[in-house]
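# An overview of the molecular structure
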Amino acid sequence: MSELTHQDFRLKAIVKTANGRLNPTRYIVYSLIITLFFGMIAGVILAIGCALHSVLGTIIIILGVVAILAAAYYSTILTIRRCHDFNSSGWLTLLLIIPFAYFVLAAIPGTKNANDFGDECPPSTNGIKIAAYILYALQLLCALSSIPKYAVLISMLLVGGQQ
């Protein structure tokens, strides 16, 4: 197999194909970049579309949905490559339906040396490592802060279903 370089692991090169591997550090950083980028775009587009009560507003809302679907597509590619890093099938991406599964996938160490899906990823740069630590901690805090809201939602659904 050919020797991989840091150039091969830039976000632009990674989202082109689901073939290959992606180490946990880059997975965290690139996933959040995609989520934030497309999330902001979709949020602005959907807000504008909802403010316009016309056919144009509906068309703009459809564009917002396309931005959300693009984020889901690119996130899926990143997750498939992450699964390949620990020598597993990309079908494990379906686990993302389960809350907090992302954190498990990000924490599994990759296989050393080459595996069925390609050569070992080069070590992450210091900038990627620092960004990953910061973003992972922020993401975990956000996820943990949402637990009480889920509990309220579930209790409302249970109480509402008994009436």
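Here, the structure is the one placed above.
Here the structure is a predicted model, which is why all the values come from computation and not from measurement.

Turning our attention to the overall build of the protein. The helix and strand inventory of the protein stands at 6 helices and 0 strands. Its helices and strands in sequence order give the protein the pattern α-α-α-α-α-α, from N to C terminus. Taking all 163 residues of the protein together, the buried fraction comes to 32%. Residue pairs at least 24 apart in sequence account for 71% of intrachain contacts in the protein once pairs closer than 6 positions are excluded. Here the protein has roughly 10,300 Å² of accessible surface; of this, 73% comes from carbon and sulfur atoms.

Where helix H2 (residues 24–51) meets helix H3 (residues 55–85), the closest approach of the two axes is 8 Å, and the angle between their N-to-C directions is 170 degrees. In this view, H2 runs roughly antiparallel relative to H3, as classed from their interaxial angle. When grouped by side-chain class, the residues that make up the contact of H2 with H3 number 21 nonpolar, 7 polar and 2 charged.

So, about unusual backbone geometry. A positive phi angle, close to 60 degrees, is found at asparagine 87, a residue other than glycine. Inspection of the secondary structure puts asparagine 87 in the loop between H3 and helix H4 (101–107). Look at asparagine 87 and you get partly exposed, because its relative accessible area is 32%. Notably, asparagine 113 is not glycine yet its phi reads approximately 65 degrees, a positive angle. Looking at the secondary structure, you find asparagine 113 in the loop between H4 and helix H5 (126–145). Overall, the relative accessible area of 54% leaves asparagine 113 in the exposed class.

Next up on the list: the packing of aromatic side chains. For the structure on display, the rule yields 5 aromatic pairs. With 5.3 Å between their ring centres and 35 degrees between their planes, tyrosine 27 and tyrosine 102 make a pair best called tilted. Of this pair, tyrosine 27 sits in helix H2 while tyrosine 102 sits in helix H4, placing them 75 residues apart in sequence. Considered together, tyrosine 27 and tyrosine 102 belong to a single accessibility category, that of buried residues. Between the aromatic rings of phenylalanine 38 and tyrosine 74, the centroid separation amounts to 5.8 Å while the plane-to-plane angle is 25 degrees, which identifies the pairing as stacked. Remark: tyrosine 74 occurs in helix H3 and phenylalanine 38 occurs in helix H2; sequence separation between them is 36 residues. A relative accessible area of 26% means that tyrosine 74 is categorised as partly exposed. The structure contains a cluster of three or more aromatic residues connected by ring pairs, namely Phe37, Phe38, Tyr73 and Tyr74.

Reading the values: rules and limits
- Every chain begins its residue count from 1, and numbering advances along the sequence as written.
- Local features in this predicted model are restricted to residues of pLDDT 70 or higher, and side-chain atom pairs are both shown and tallied only at a pLDDT of 80 or more, whereas totals for entire chains, interfaces and linings draw on every residue.
- Just so you know, side-chain values use all the structure's heavy atoms and leave hydrogens and water out.
- Strands here mean DSSP runs of E at least two residues long; helices mean DSSP runs of H or I at least four residues long; both are numbered from the N terminus.
- Burial here depends on accessible area, computed with a 1.4 Å probe over protein chains only, as a share of the maximum for the residue type. Under 20% is buried, over 50% is exposed, and the range in between is partly exposed.
- Only heavy atoms matter for contacts: two residues are in contact if any of them lie within 4.5 Å across the pair.
- Per-residue accessibility takes into account occlusion by the displayed protein chains alone, with areas from the Shrake-Rupley method and a 1.4 Å probe.
- Axis definition: a line fit to C-alpha positions, over the contact stretch in the case of helices; interaxial angles, taken between N-to-C directions, run 0 to 180 degrees.
- By definition in this entry, angles of less than 35 degrees are roughly parallel, angles greater than 145 are roughly antiparallel, angles of 65 to 115 are roughly perpendicular, and the rest are oblique.
- Here the nonpolar group is Ala, Val, Leu, Ile, Met, Phe, Trp, Tyr, Cys and Pro; Asp, Glu, Lys and Arg are the charged ones; every other residue, Gly included, is treated as polar.
- Here the aromatic set is Phe, Tyr and Trp, taking the six-membered ring for Trp, and pairing holds for ring centres within 6.5 Å; pairs whose planes are under 30 degrees apart are stacked, those over 60 apart are edge-to-face, and all others are tilted.

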